[in-house]
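Coordinate inspection notes
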Amino acid sequence: MRIRKPTQKNKKNVAAAGKEENEVKTAKLKGAERSAYFARREAAKILRTVLEGDANRRALASIKTLVYHPSVRNKKATFALICQTLKHLPIINDVLQAASILNTKWKKQQELVYIIVYDILFGQGVPLVGDAEKYLMRHKDPLHLHLKKVLSRKNVTTVKELFALQEVPDVSVPRNVRVNTLKMDVDSALVELQKKYSVQKDDLLPDLLVLPPGTDLHDHPLVKNGSIFLQGKASSMVAPALSPEPGWEVLDACAAPGNKTVHLAALMKRKGRIIACELKKERIKRLNDTIKLSGASNIQVLNEDFLNINPKDPSYSKLKAILLDPSCSGSGTAASRLDHLLPSKAAGDIDTERLNKLAAFQRKALQHAFLFPALERIVYSTCSINQIENEDVVKSLLPIAESYGFQLAKPFPEWQCRGLPVFEGSENLVRTDPAKHGEGFFIALFVKKDANLSARSHKNDNRTLHNSTRARARNVRRKIPMFIHTNMFKMWLHGQLNQHQNWRDRR
Ligand SMILES: C[S@@+](CC[C@H](N)C(=O)[O-])C[C@H]1O[C@@H](n2cnc3c(N)ncnc32)[C@H](O)[C@@H]1O
């Protein structure tokens, strides 16, 4: 979590808050009151990071990631408080504005104010413990009065009625954990987890286990020692889609925080070399931590822009596979990240300019991947549900892929949820549905044609090669037939996009 450095301006506030905290520590508060006091301040700090990230459209991490940081003491209470405050934030803001009780001092601590006002209006009440609590409790009656007025303006009498009008996405899908086979075999992990939970093996991925929705394993010893990773099914499908062979040289082009890098290492059984490339220096530590936790010893971390890696550099002359999981909008994981609670998402904002920029980078990165001379397989993946970041990127590069000898292959042929039918061959693509699978991922696998034999003979092959991709790529270049296909699919696609739009709107 980012620690905010106090500026000259707010040093006084910080000192006052420190003094107040010491007073609370020494005061004879009941245990529950004390922990609630600190939980409110902890929640306010995180809420500030979340709201700043949302306002700048540059979230540093999801709410869950911030709350489950080791430094956060009372994780469950803090998480609940933040989610509830965010859920009620539009009303809290309306009430505060109508009541007009915030002076400059309290406006500077607005996140703490939000949290306390939530507790006063909708929570369990607030004891008179800190300055902020005392101040807001003095205005308790006006706050309640204005809440009534705000609700009556919305033609409801209770907040429950108001929320009943707003559909909230149901993300209660099973929890998955990926067994890190570098440290533990799947059956042992199953036996260990079954001591406390109802656990099953996944029907598609041999190293994935399925637990009931809502199972919280953040503090489980197997998670802490790296024997299992809290990784969803969709994310766990990416490395097996690439299916690198033990002994290969593989590049994870956009690696941090490294979940898929270490999954590659497990699939390669410690044999071969993995280069984990990450552009952002501040994400390298997290990447190194993931690698260390996994116990993998054949991963070399590279703090570099993937686009600056020279494919002709002899150190990459034996590179056999690239996993390209570039920055994306994250729209497929928005529900599981609780993004629907954020003000920008509640307002239904779609940042088209950002989407276009992301898609441009994704195209550039995928195009760059084709240039490595010994390459046999490329997986392009996103955790986005947007066509522009998925099918459109792949479609636009099919002729180039073809010119470098690559064709689309079909990973997980038994998987029903495939790419949107916006070009012939899109049935080779993999999609996961957020409502059904918890997260919305997209996977495209490109295979070098000369490498077909080697790909087919791979022991645990889960792909079928798409033989007619060449002809289809030719169609892409012959614009007229493709235009006809596009029109044929237009109505279907329109429906699909509306569905996605409705889904986004519901968040
Ligand atoms: C979606 S995340 C990757 C998640 C990762 N594959 C995992 O499963 O843990 C994308 C990552 O790519 C990095 N990135 C963005 N542009 C890059 C570039 N040009 N070169 C290398 N890394 C880049 C981002 O900083 C971010 O850490």
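Keep in mind that this is a model prediction, so the values were computed, not measured. (Residues numbered from 1 in each chain as written. Predicted model: local features only at pLDDT ≥ 70, side-chain atom pairs only at ≥ 80, totals over all residues. Heavy atoms only, no water.)

Examining the sheet that holds strand 1 (residues 175-179)
- Ordered in space as 2-3-1-4, the 4 strands form an open sheet in which the pairing is antiparallel. Strands at the two margins of the open sheet, each flanked by one partner only, are strand 2 (200-201) and strand 4 (228-229).
- Alignment of strand 1 against strand 3 (residues 208-211), held across 4 bridges, turns out to be antiparallel. Bridging from a neighbouring strand, V177 pairs with L209 of strand 3. (Pairing = 2+ DSSP bridges. Helix = DSSP H or I, 4+ residues; strand = E, 2+ residues; numbered from the N terminus.)

Focus on helix 7 (residues 131-138)
- For helix 7, the complete set of buried residues consists of A132, E133, Y135 and L136. One face of helix 7 carries all of its buried residues, which in axial projection span an arc of 165°. (Buried < 20%, exposed > 50% of the residue type's maximum accessible area, 1.4 Å probe, protein only. Arc of directions from axis to C-beta.)

Digging into the UniProt feature "binding site: S-adenosyl-L-methionine" (unreviewed entry) in the chain
- UniProt annotation of "binding site: S-adenosyl-L-methionine" (unreviewed entry) refers to C254, A255, A256, P257, G258, N259, K260, E278, D305 and D325 when read in the numbering used here.
- With respect to the secondary-structure elements, P257 resides in the loop between strand 5 (249-252) and helix 14 (259-267).
- When its relative accessible area of 21% is taken as the criterion, P257 is described as partly exposed.
- Among residues more than four places away in sequence, those in contact with P257 are R283, R286, L287 and T290. (UniProt positions renumbered as here; feature names shortened; annotations may be inferred. Contact = heavy atoms within 4.5 Å.)

Overview of the nonpolar core
- If you look at the biggest cluster of nonpolar residues, it comprises 47 residues, and the most contacted ones within it are I91, L96, L136 and L143.
- For this core, the element with the highest residue contribution is helix 4 (residues 75-99), accounting for 11 residues.
- Those residues in contact with L136 that lie beyond four places of it in its chain are I101, L102, V113, I116, V117, I120 and L143.
- Judged by nonpolar contacts, the second largest core, of 40 residues, contains L208, V238, V379 and V430. (Core = buried A, V, L, I, M, F, W, Y, C linked by side-chain atoms within 4.5 Å.)

Remarks on the site of the ligand
- Taken together, 19 residues form the shell around the ligand, and within it K260, E278, R283, D305 and D325 come nearest.
- K260 places a polar side-chain atom, nitrogen or oxygen, 2.8 Å from an oxygen atom of the ligand.
- Between a nitrogen atom of the ligand and a main-chain N or O atom of F306, the distance comes to 2.9 Å.
- Against a free-state accessible area of 610 Å², the protein chains account for coverage of 91% of the ligand.
- Class assignment of the residues belonging to the shell around the ligand gives a composition of 9 nonpolar, 3 polar and 7 charged. (Near = heavy atom within 4 Å. Polar contact = N/O pair within 3.5 Å; in protein donor to acceptor, adjacent residues only side chain to side chain. Areas by Shrake-Rupley, 256 points an atom, 1.4 Å probe, with all protein chains shown as cover. Nonpolar A, V, L, I, M, F, W, Y, C, P; charged D, E, K, R; others polar.)

Concerning the side chain of Q362
- Of note, Q362 is situated in helix 17 (residues 352-369).
- Setting aside chain neighbours within four positions, we find Q362 in contact with P326, S327, C328, Y380, E389 and V393.

Thoughts on the side chain of H263
- As for its position among the elements, H263 is in helix 14.
- H263 gets classed as buried once you look at its relative accessible area, which sits at 0%.
- Reaching out from H263, the side chain makes a polar contact with the side chain of D207 at a distance of 2.8 Å.

Notes on the packing of aromatic side chains
- Summed over all chains, the structure comprises 9 aromatic pairs.
- Residues Y118 and F122 carry aromatic rings whose centres are separated by 5.9 Å and whose planes lie at 35° to one another, so their mutual orientation is tilted.
- Since its relative accessible area comes to 10%, Y118 is described here as buried.
- Consider the rings of F306 and F372, whose centres lie 6.2 Å apart with planes at 10°: the pair is stacked. In this pair, F306 is assigned in the loop between strand 7 (299-303) and strand 8 (319-324) and F372 in the loop between helix 17 and strand 9 (377-382), connecting sequence segments 66 residues apart.
- Judged by relative accessible area, F306 falls into the buried class, the value being 4%.
- Each member of the aromatic cluster is reached from another via a ring pair, and the members are F306, Y316 and F372.
- A cation sits over an aromatic face here: R41 above Y37, 3.8 Å from the ring centre. (Phe/Tyr/Trp six-rings, centres within 6.5 Å; stacked < 30°, edge-to-face > 60°. Lys NZ or Arg CZ within 6 Å of the ring centre and 35° of its normal.)

Brief notes about the packing of helix 4 against helix 8 (residues 140-153)
- Where helix 4 meets helix 8, the closest approach of the two axes is 9 Å, and the angle between their N-to-C directions is 115°. Once helix 4 is placed against helix 8, the crossing between them reads as right-handed. On helix 8, the residues touching I91, D94, V95, L96, A98 and A99 of helix 4 are L143, H146, L147, V150 and L151.
- Of the residues belonging to the contact of helix 4 with helix 8, the class tally is 9 nonpolar, 1 polar and 1 charged. (Axes fitted to C-alpha atoms, helices over the stretch in contact; angles between N-to-C directions. Left-handed = near helix turned anticlockwise from the far one by under 90°.)

Description of the pattern of salt bridges
- As enumerated under the stated definition, the model contains 19 salt bridges in all.
- Here E133 and R41 are joined by a salt bridge, their closest N and O atoms 2.7 Å apart. Of this pair, E133 sits in helix 7 while R41 sits in helix 2 (residues 31-55), and the two are 92 residues apart along the sequence.
- Judged by relative accessible area, which is 14%, R41 ranks as buried.
- As a salt-bridge pair, K233 and D202 come within 2.8 Å of each other at their nearest N and O atoms. Here the residue K233 occupies a position in helix 12 (residues 233-236), and D202 occupies one in the loop between strand 2 and strand 3, the gap between them amounting to 31 residues.
- Residue classification places D202 among the buried residues on the basis of a relative accessible area of 12%. (Salt bridge = Lys/Arg side-chain N within 4 Å of Asp/Glu carboxyl O.)

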